[in-house]
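Coordinate inspection notes
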Amino acid sequence: MPFRSKDSSFSAALLIGMVLACPYRLWSQPDSSIASKSNYAALVQPLLHEKCGACHGQSNPQAGLNLLSRAGLLKGGQSGPAIVPGSSEASLLIHRVSGEKPPTMPMGNSPLRAAEIDLLKTWIDEGARWDETAENASWKPILAPRRPEVPSSGDVELNNPVDHFVSRYFRGHSLAFPEAVSDAVFARRVYFDIWGLPPTPEQLDDFLGDSRRDKRERLVDALLQDAVPYSENWISFWNDLLRNDEGVVYHGERKSISKWLVEALRQNLPFNRFVQALLNPGKPGDPEGFLIGVNWRGVVSASQTPPMQAAQNAAQIFMGINLKCASCHDSFINQWKLDESYGLASFFSENPLELVRCDVRQGKTAQPRFLYPELGGVNSEAPLAEKRAMASRLMTTAENGRFARTLVNRYWKKLLGRGLVEPVDDMDVEPWSADLLDWLASDFVENGYDLKSLIRRIVTSRTYQLPAVSSHGEGEQVYVFHGPTVRHLTAEQFVDSLSAVTGEWPFREGSSGVAAYYCRNWQLKSSPLTRALGRPIRDQVFTTRSEEPTTLQALELVNGEDLNYLLRQGARRLLNQRPSPPRNLFDSGIVSRSSAAVEADVRLGAARELWLVLEDAGSYDPSRVKAGWFDARFTGAESRRRLDERKVPVPGELGTLRVDGRSHPDSLILPVPAMVKFDLSGGGYDRFQATVGIDDSSMPSDIGPRVRFFVFTEKPDRRQLIQVQGEPPVPFFPRTLTAGQWASRLYRHLLGRLPEEEERQSAVSMLTAGASTGSVSTDGLEDLLWALSLSPEFQFLR
């Protein structure tokens, strides 16, 4: 955070902030205990099954290498033996997984953690012992749905079927069923999971003061019933999956589905119909953008055509199948073949598709073929509409048990931190509880594919309400479920929470003549802060966000402009000291390739200065946009001057703009973005007139100009050039509080608890340093907001 003051309160806040600058690291300590285990065979074999089995299993292993038996490891494949018992340094397996010899394995998936590599090294160095019994026990995924019976737990306190399955699981692992978290921890967790916002102190008090036994279920129902905050939290999850974003420019074009998506979430559209609309958009308002994908500019590989993107995305998102490698050649990471990828892509192509292997045409036409042809198919001569309709039916049919399992697994991970199947994009991996996964999937289908009902089923379970554990459990290489993992807030939740606490909300710009409106972060283009906190660019499917701490993340949290501005203005707003930004006297709206020139006519009154602003509004290459003001003039009762008669302030320059084929000399040309000031004192002007436009040279698609022009008569606030109307997403109520009251309120709102006495004293000292007696300083309040927002207790759900 920029250095605002040198008093003791800021020194205290700076110390707290520097200690907590990388809070994400505090809850993600690497396992030091894995390599200390004695029964290495029991640890190594499940690791090889999970990480390597899809490609190097017993059936048709890639490169002839079978890693699921000791004989296969010793025999090796095309490159020779995989291991040399007694010498990890001489073992090719170690060279591959460590990246010492390319290609790094497992190919196409996340690399092994250092502790996992150390485990393999120790196992090999100690002779690579093998458990033949474990080798013969293999799990096979099934396609058909399955509904296991709910087991009896014998615990009358457990009334959610999820808990009965978990109770049996715990007993099988000699674990006791832990007690649920406190009401305060539960409330904070469920508010964030459903609304993406922390409960206000008033909301928390209402819940804590409720003495009814079913108050947790009542709270869940109330949160799910309010469709607006629910949809505006969950849309970020679906934007990641569906490659949908706001205000992002790529080397290509795509079509937003935001309007449809947020409405589908608000209406709680059944998930089967949700997916059918994505795969077979035929009605007005349907989300055509999902099948279009990203239309990359220029020549792209055959694996990136829209039909292939549709096949890859649909398979990954809705069935947990990775076809990306198999879209170029037979996959090296799983069992899927090139012709199977083209078979699925053919459902989304108007014309027959020729197979292309590694960009070499094969002279063979693909036939429409679903990944599981036993579910059905379609005639190759069928029109596109019929093929799409069949693809959507086969994907969502109740006979396709994989469809519901994949969605349930994704929601389980979202709400508890780790999937029943990991990784979530490989549903061929054995779940830690296949019965629980299958029961949840069948229950989801029987409840009409109701997404809210699924959330309710999970979050009302005692399993969801267990204390959170470290993301790496207790160092077990064979994963054992102990409860939800500690999860950090998403980038959107982090920023939205600070806006909700301070009342300082961002806004979405309206079109010409339409005021801006306050909004939550999902509606905005990602910023340096949200990108650093994990919000992806979404040029591809993101089913899991990176949780690794980075230097950039620390810099943004400690000294980033975005967070600094939010907290500084938020502190002023809390103390009712936030000045209203100057109002513009002219707003051109967005001017782009398809726009005509816009005329400005501004009455200056007694203004002594004039500010002309040119802002980027989403140009593909702003640095190459040539735009500005032409035919500009000042007029008054006794004078009239053209703009070229005045001294043009830097960074503006006079030149010729060619707009719509006509040349306009002596135009004021500004870089994008830019702001210039004219001194009007002594001029006697009462009017400024001009026309704004973009030079014809800036119209090519690789520049993609989108700009906006403004006129002010006082220095603008660059972050709020547009008038904002309407109410914020969360009501804001200015308050007059003492320092102690502010400390209690902010701790309650951000952390869900009151401060300890030592914390309260430090906070009060921070809030009052440099302020007059009995008052709170803006700098002190900003410092406290900053220190609390950097706290792991705020950034993580525990």
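Figured I'd write up the structure that's included with this text. (Residues numbered from 1 in each chain as written. Predicted model: local features only at pLDDT ≥ 70, side-chain atom pairs only at ≥ 80, totals over all residues. Heavy atoms only, no water.)

When helices and strands are counted, the protein shows 28 helices and 19 strands. Counting the 798 residues in the protein, one finds 54% classified as buried. Nonlocal contacts in the protein, meaning residues at least 24 apart in sequence, comprise 71% of its contacts between residues at least 6 apart. Per element, the accessible surface of the protein, about 34,400 Å² overall, is 49% carbon and sulfur. (Helix = DSSP H or I, 4+ residues; strand = E, 2+ residues; numbered from the N terminus. Buried < 20%, exposed > 50% of the residue type's maximum accessible area, 1.4 Å probe, protein only. Contact = heavy atoms within 4.5 Å. Areas by Shrake-Rupley, 256 points an atom, 1.4 Å probe, with all protein chains shown as cover.)

What follows concerns the packing of aromatic side chains. Applying the stated criterion across every chain, the model contains 36 aromatic pairs. Here the aromatic rings of Trp-432 and Phe-481 are separated by 4.4 Å at their centres, their planes lie at 5 degrees, and the arrangement is stacked. Here Trp-432 is found in the loop between helix H18 (401–416) and helix H19 (434–446), whereas its partner Phe-481 is found in the loop between helix H20 (451–459) and strand S5 (487–488), with 49 residues between them in sequence. Of the two residues, Trp-432 and Phe-481, both sit in the buried class. (Phe/Tyr/Trp six-rings, centres within 6.5 Å; stacked < 30°, edge-to-face > 60°.)

On to the sheet that holds strand S7 (residues 516–518), then. Across the sheet, which stays open at both edges, the three strands sit in the order S6-S7-S18 with mixed pairing between neighbours. The open sheet has two edge strands, strand S6 (507–508) and strand S18 (724–725), and neither has a second partner. Bridge count between S6 and S7: two bridges; the pairing is antiparallel. Opposite Arg-508, over in S7, you have Tyr-517 as the bridge partner. (Pairing = 2+ DSSP bridges.)

The subject of this paragraph is the pairing of strand S3 (residues 354–357). As judged from the three bridges shared by S3 and strand S4 (residues 360–365), these two strands associate in the antiparallel manner. Counted as the bridge partner of Arg-357 is Val-360 from S4. In this antiparallel pair of consecutive strands, S3 and S4, the connection spans two residues, and Cys-358 shows a positive phi of 50 degrees.

For helix H27 (residues 778–789), spanning twelve residues, the distance from its first C-alpha to its last is 16 Å, which sits close to the expected 16 Å at 1.5 Å a residue. A large share of H27 lies buried, amounting to eleven of its twelve residues. Within H27, burial applies to Thr-778, Gly-780, Leu-781, Glu-782, Asp-783, Leu-784, Leu-785, Trp-786, Ala-787, Leu-788 and Ser-789. (Expected span 1.5 Å × (residues − 1).)

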